[in-house]
Amino acid sequence: MRDSSSYGLALALALSACTPTTELGPAIGERRSSHGSAVALSRDERVAVVANRSAGLVTVFSLSPGAPLDRLSEKANCASPGGAPSSCTELDLGADSEPWAVVFGKDDDTAFVVLRHAQTVRRIVNLHTEPALDPSSAAVGSEPTAIAIAPSGRRLFVANWGEGTISVVATAPFATQGALDLNEPLSGLSDLGVSVARPGLAHPRALVVTDDGDDEDEDETLYATEFFSQPLWRKEDPNDPSQFDRNRQGLVYSLKLGTPGVGRITLEPVLDTGFSDSDGKPTGCFPNQLYAAAADEQRVYVTAVCASPAGPIGPVAVSGQPDNTSNFKTLSHPVVFVIDRATNQEVPEERLILTQKLEQLYAEDEANGLIKARRMPLIPNDIIIPVTPVSKPVEACVTALGADALFCFRRDGAGWTLGSPGARYIDLQAKGGRLPIGVAVSNQSLPAFALVANDGTQNLSIVDRASGALSLPRPTNRDSDAKSAPHNEGRGFFATGLGIWSFQGQAWSSCESCHPDGLSDGVTWFFPRGPRRTLSTAGTFARSSNGDLVQRILLWTASVDEVHDVEGIVRSVAGGAGAILRDYALNDAPSNDLRISYDGAMTQESCDAAAALTSPKCTPELLNNLNGSLAELVNEPKTPIKDWNAIEAYLASVRSPKRPVGLDEVRVERGRALFDEGRCAGCHAGPAWTLSRRFYSPGPEANGSLPYRASGLTREALTSALGTLRTTTYTVQDPVLVSLNPPATTGGGTASLRRWVPPTDANPVPSPDPLIQYAYDKKTALEDQINCVLRSVGTFPKKPGPGIAKQDAPQLREVRQDMTTPALGETGFNIPSLLGLGVGAPYFHAGNARSLEEAFDSLFFAHYQALSPDFLKATSSRVDTIQDLVAFLLSLDDDTETVTPEAGSDLCPSELPPR
């Protein structure tokens, strides 16, 4: 373990150097560890403060502990003009401030809220009388996501997710004192592929500070979760695909407040999740997305989305079962990992794999006639532990984003128990709570209650902890229009795994489970086209220099051109019914029978049998991948479900992470000059720092109108139905660019805008026609691409086999989801956006480079020397030069002015010629 004594010493000095100038009030209630949340409860349980992230509001509720829970927040001074129970006070921090988490001060009448986008901490005073915002603020680092307070009340700790630091803020006088740098201890991890600490290497997400009951801080420990998993090299059997479920590890930092040094606690992969894939093989998972942490007197509990990326993914035909659905349950698993505070080591035998345990309990309930809809705690984004004596069982509650539920459980000598028979979770959605983001619990009041902040519906759920009963939620935002805004509704569809969005509507997966906050989980998944590291959605839409909204061609292989095309992933990977439906089921249950088939999968007889229906089961033309336009279908009056339009609005609103504030500006400017010298703008320029853009309007004219079935189709009709993307070619003049664009290379410098390489025509045309066969071949659909946005930069091997990676890194395999068939990649990859590179590790299509620095290792020279052969040649200052370039790349965010593309570098036309 690397010693970071200088940073630990800085923290220890910061804790002891200053004494508050104002006297803090006495402690109230039992001792408890501190971790901020989107909802915080005062120790006297008379005030609750809620951070409304979407609306930029903080809402203060006045409570009446001991009252019936349906009247808990019904004090007279909390009534809205209409007389309905409402918030005492709405405090507006700014629409774009993103209030993320709240913690109470020592006096129990002050609260501190961290603003993620504004990158500050604000103070709220007079909570029990007239709540008000203090005009002062304390600046912190990039993308702060967590806040905790020391037991003495003198110091706040703020986790800067985009900076890799923990800010230390004094409460009196209210001011930032400094920061603890976690980038250095992380850079010492031998498997990371980088040895130089710099801003944005670490990504601390959650914090918890222990509390032994006195006012001394030096004997306490601060724990911080590293949000993303880290590489874990092991000597593996190269033919064993299960290695990809266990080649990464989780990390938690431990910092003793009175002792120098930063410890690293490793969370090991789960070797057997309890779920087998469709081949009957057990699946593992590795700890990723470490969202939340809480502590009791003996343990620290950390929630994670445990990723299981090895194929097969989606339904696989096995033993004559074409609809085998085993794989829909093997993508990811919410897990609670447990750390022993005495040893600062994980206790593997105590970890709770929530999907595994719930699957067992649901089966028992159903066997006993206690049938209730199953639901998994998809994204466990907050955890709270009520204060209990050591002699009693440990209790905890977890909010489940994407499941709209609260899961409460306990551990005693017999192990873990979740809920009670027939009631394994509390359904927040039943009383109007969507997208829970935080939970607080009472420790003294009877009846005991829990408060859950819901960001989707912008309200506060009140839960009876004894019975699980829900009261009507209290609004945290009186502006009803804000709740129903398209991007807010789209955020809900993006996050949820209920209803039509995942297998049987049981919250097994969602868009958010791989794209936290709309960004990336950093995982390389094995999909039908090959290994693909999750792309951030922040670069999907961007504004051009003239203000137009520009959309990037989507996915690594440029194989879809509309957000609505992701319907195919919902159906095939997540196992959901999808949103391209004739109608919802009457009971709002997901039903595959209501799907509109648009990919030729349904027989023509089945389509014809539905002719009497007002809305057909099949489309007249193919609309899968790059065919036709699913957006046009969604916008037709006969298609009642418009959810994809809302998701598109949400993706257009997703911002990239803000640059680290601690970047060396001298390095940034030197890196900018290197970016120009390396001619990087030959690929990474224009909106979102990528040449990839949709240069046409999807629809029959551009994408074609191939009939749903080929029966009766003539060659002449086929030719007219292909669309201008397939019939229009582009020519590359520059020999260097030709070498970077394989479709043009194989075509002598010319290729069709959309992949179209049918067999040589036979004359006369035989029967069956090979051209028609090619058009409807599944392999043709699987390898469909927009050619002109592809670039081959040496990250794909020249022959089938292992992927390109450093020898000391976990190995890669360029195979498809069956873990055997060679991957698609010889035609190059869609140019990714450079926005948010600080939270994008690993890099390249298969996660080939473990760090941004490793992306400039000599192994990947074909990438960084693509347009400048002498760029970054080995010199005595090579490491320093790379650091300069990395600093510039880390500085790119939505506020950075983009550069103009090199002349001739964009191979796509400005628009399509008419047919």
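Please read these numbers as outputs of a predicted model, since none were measured by experiment.

Where two aromatic rings form a pair, the distance of their centres and the angle of their planes describe that pair. Counted under the stated rule, the structure contains 22 aromatic pairs. When the centroid spacing of 5.9 Å and the interplanar angle of 80° are considered together, the rings of Trp 161 and Phe 227 count as edge-to-face. Taken together, the positions of Trp 161 in the loop between strand E10 (155–160) and strand E11 (165–171) and Phe 227 in strand E14 (residues 221–231) put the pair 66 residues apart, joining distant regions of the chain. Phe 227 gets classed as buried once you look at its relative accessible area, which sits at 0%. Geometrically, the ring pair formed by Trp 161 and Phe 228 is tilted, given 6.0 Å between the ring centres and 40° between the ring planes. Of this pair, Trp 161 sits in the loop between E10 and E11 while Phe 228 sits in strand E14; the two residues are 67 residues apart in sequence, bridging distant segments of the chain. Neither Trp 161 nor Phe 228 differs from the other in exposure class; each is buried. A network of ring pairs unites the aromatic residues Trp 161, Phe 227, Phe 228 and Tyr 291 as a single cluster. Of note, Arg 53 hangs over the ring of Trp 100, and the distance from its end group to the ring centre comes to 4.0 Å. Sitting over the face of the ring of Phe 227, Arg 205 holds its NZ or CZ atom 4.7 Å from the ring centroid.

Let us now look at the packing of helix H5 (residues 486–495) against helix H10 (residues 643–653). It is the contact of H5 with H10, at a shortest axis distance of 7 Å, that shows an interaxial angle of 105°. With respect to their mutual orientation, H5 and H10 come out roughly perpendicular. Here Pro 486, His 487, Glu 489, Gly 490, Arg 491, Phe 493 and Phe 494 of H5 lie close against H10, whose contacting residues are Asp 643, Ala 646, Ile 647, Ala 649, Tyr 650, Leu 651 and Ser 653. Classifying every residue of the contact of H5 with H10 by side-chain character gives eight nonpolar, three polar and three charged.

Moving on: the pattern of salt bridges. Evaluated as defined, the whole model comprises 42 salt bridges. A salt bridge links Asp 427 to Arg 375; the nearest nitrogen and oxygen atoms lie 2.8 Å apart. In this pair, Asp 427 sits in strand E26 (residues 426–427) while Arg 375 sits in the loop between helix H3 (354–367) and strand E22 (379–384), placing the two residues 52 residues apart along the sequence. Glu 395 is paired through a salt bridge with Arg 410; the nearest N and O atoms lie 3.0 Å apart.

Here helix H20 (residues 878–890) is 13 residues long and its end C-alpha atoms lie 18 Å apart, about the 18 Å a rise of 1.5 Å per residue gives. Most of H20 sits inside the fold, with 11 of its 13 residues counted as buried. On its buried face, H20 is in contact with helix H11 (665–677) and helix H19 (861–864).

Bringing H11 into the picture now. The end-to-end C-alpha distance of H11, which contains 13 residues, comes to 18 Å, matching closely the 18 Å that a straight helix rising 1.5 Å per residue would cover. Among all positions in H11, only Val 668, Gly 671, Leu 674 and Phe 675 are buried. When H11 is viewed along its axis, its buried side chains cluster within an angular range of 120° and face the same direction. Looking at H11, the residues exposed on the side facing more than 90 degrees away from the buried face are Val 666 and Asp 676. On its buried face, H11 sits against H20. For H11, the side-chain oxygen to backbone nitrogen distance between the N-cap and Val 666 is 2.9 Å, and the N-cap itself is Asp 664. Looking at the residues trailing H11, positive phi occurs at Arg 679, about 55°.

It is at 7 Å that the axes of H11 and H20 come closest, and there the two elements cross at 95°. Judged by the inter-axis angle, H11 sits roughly perpendicular to H20. Here H11 contributes Arg 667, Val 668, Arg 670, Gly 671, Arg 672, Leu 674 and Phe 675 to the contact with H20, which in turn contributes Asp 880, Thr 881, Gln 883, Asp 884, Leu 885, Ala 887, Phe 888 and Leu 889. Looking at the contact of H11 with H20 residue by residue, the classes come out as seven nonpolar, three polar and five charged.

Extensive coverage of strand E18 (residues 299–307) is indicated by the burial of nine of its nine residues. Residues Arg 299, Tyr 301, Thr 303, Val 305 and Ala 307 line one face of E18 and the alternating positions Val 300, Val 302, Ala 304 and Cys 306 line the opposite face, and both faces are buried. Taken together, strand E17 (residues 292–295) and the strand that follows it, E18, pair antiparallel across an intervening segment of three residues. Pairing of E18 with strand E19 (residues 332–340), which is carried by nine bridges, proceeds in the antiparallel orientation. Pairing of Thr 303 across the sheet is with Val 336, part of E19.

This part is about the sheet that holds strand E4 (residues 89–92). The four strands lie next to each other as E1-E2-E3-E4, forming an open sheet whose pairing is antiparallel. Pairing within the sheet leaves two strands with one partner each, and these edge strands are strand E1 (39–41) and E4. Here the strands of the sheet are splayed against their neighbours by 15° on average, with no regard to which way each runs. Two strands pair when backbone bridges link them, and strand E3 (residues 57–62) and E4 are joined in this way by four bridges, in the antiparallel orientation. Residue pairing for E4: Thr 59 is matched across the bridge by Glu 90.

In summary, soluble globular proteins display a tendency toward joint burial of nonpolar side chains. The biggest cluster of nonpolar side chains holds 69 residues, and the ones touching the most others in it are Tyr 301, Ile 383, Phe 409, Trp 501, Trp 644, Ile 647 and Leu 651. One finds Val 668, Ile 804, Leu 835 and Phe 888 within the second-largest nonpolar core, a separate group that totals 35 residues.

This part covers the sheet that holds strand E8 (residues 132–139). Read across the open sheet, the four strands follow the order E5-E6-E7-E8; overall the sheet is antiparallel. In this open sheet, the two edge strands, each paired with only one partner strand, are strand E5 (99–104) and E8. The sheet shows a mean angle of 25° between the axes of neighbouring strands, taken without regard to direction. In terms of strand pairing, strand E6 (residues 111–115) meets strand E7 (residues 120–125) through five bridges, oriented antiparallel. Looking across to E7, one finds that Leu 115 is bridged to Thr 120.

Next up on the list: the confidence of the model for the protein chain. This prediction gives the protein chain a mean pLDDT of 90; 92% of its residues lie at or above 70. Low pLDDT (under 50) marks residues 1–29, which in the prediction has 59 contacts with non-local residues, meaning those over four places away or in another chain. Note that pLDDT drops below 50 for residues 76–86; the model gives that stretch 19 contacts with residues more than four away or on any other chain.

Turning next to a negative patch on the surface. Negative charge collects at one region of the surface, where Asp 214, Glu 216, Glu 218 and Asp 219 lie side by side. Here Glu 218 is to be found in the loop between strand E13 (204–209) and E14.

Right, let's get into the state of the cysteines. Such a bond, covalent and formed between the sulfur atoms of two cysteines, is termed a disulfide. Per the counting criterion, the structure on display carries three disulfides. Paired through a disulfide, Cys 285 and Cys 306 show a sulfur-sulfur distance of 2.2 Å. Between Cys 285 and Cys 306 the sulfur-sulfur dihedral comes to about 95°; the bridge is accordingly right-handed. Placement of the pair is Cys 285 in the loop between strand E16 (263–267) and E17 and Cys 306 in strand E18, with a sequence separation of 21 residues. Of the residues examined, Cys 285 reaches a relative accessible area of 0% and is grouped as buried. For Cys 306, a relative accessible area of 0% translates into the label buried. Disulfide pairing is shown between Cys 397 and Cys 408; the S-S distance is 2.1 Å.

Moving on to the environment of Ser 467. Among the structural elements, Ser 467 can be located in the loop between strand E29 (459–464) and strand E30 (470–475). Judged by its relative accessible area of 54%, Ser 467 falls in the exposed class. Residues Ser 467 and Ala 841, spaced 374 residues apart in sequence, show a C-alpha to C-alpha distance of 44 Å. A distance of 3.2 Å separates a polar side-chain atom of Ser 467 from the backbone nitrogen of Ala 469.

Let us look at the pairing of E29. Burial of E29 is extensive: six of the six residues sit out of reach of the surface. Where strand E28 (residues 449–454) lies against E29, six bridges are found, and the strand directions are antiparallel. Residue pairing across strands places Leu 451 opposite Ile 462, the latter belonging to E29. What sits between the antiparallel neighbours E28 and E29 is a turn of four residues, in which Gln 458 has the positive phi angle 50°. Note: E29 against E30, four bridges, orientation antiparallel. Bridge pairing in E30 places Val 463 opposite Leu 470. Taking the residues that link successive antiparallel strands as the turn, the E29-E30 hairpin has five residues, and the phi of Gly 468 there is positive, at about 80°.

Thresholds, definitions, all that
Residues numbered from 1 in each chain as written. Predicted model: local features only at pLDDT ≥ 70, side-chain atom pairs only at ≥ 80, totals over all residues. Heavy atoms only, no water. Phe/Tyr/Trp six-rings, centres within 6.5 Å; stacked < 30°, edge-to-face > 60°. Helix = DSSP H or I, 4+ residues; strand = E, 2+ residues; numbered from the N terminus. Buried < 20%, exposed > 50% of the residue type's maximum accessible area, 1.4 Å probe, protein only. Lys NZ or Arg CZ within 6 Å of the ring centre and 35° of its normal. Axes fitted to C-alpha atoms, helices over the stretch in contact; angles between N-to-C directions. Parallel < 35°, antiparallel > 145°, perpendicular 65-115°, else oblique. Contact = heavy atoms within 4.5 Å. Nonpolar A, V, L, I, M, F, W, Y, C, P; charged D, E, K, R; others polar. Salt bridge = Lys/Arg side-chain N within 4 Å of Asp/Glu carboxyl O. Expected span 1.5 Å × (residues − 1). Arc of directions from axis to C-beta. Polar contact = N/O pair within 3.5 Å; in protein donor to acceptor, adjacent residues only side chain to side chain. Pairing = 2+ DSSP bridges. Core = buried A, V, L, I, M, F, W, Y, C linked by side-chain atoms within 4.5 Å. pLDDT = per-residue confidence, 0-100. Patch = residues over 30% accessible without salt bridge, like charges linked within 9 Å, V, L, I, M, F, W, Y side chains within 5 Å. Areas by Shrake-Rupley, 256 points an atom, 1.4 Å probe, with all protein chains shown as cover. Lys, Arg positive; Asp, Glu negative; His and termini not counted. Charge placed at Lys NZ, Arg CZ, Asp CG, Glu CD. Disulfide = S-S within 2.5 Å.

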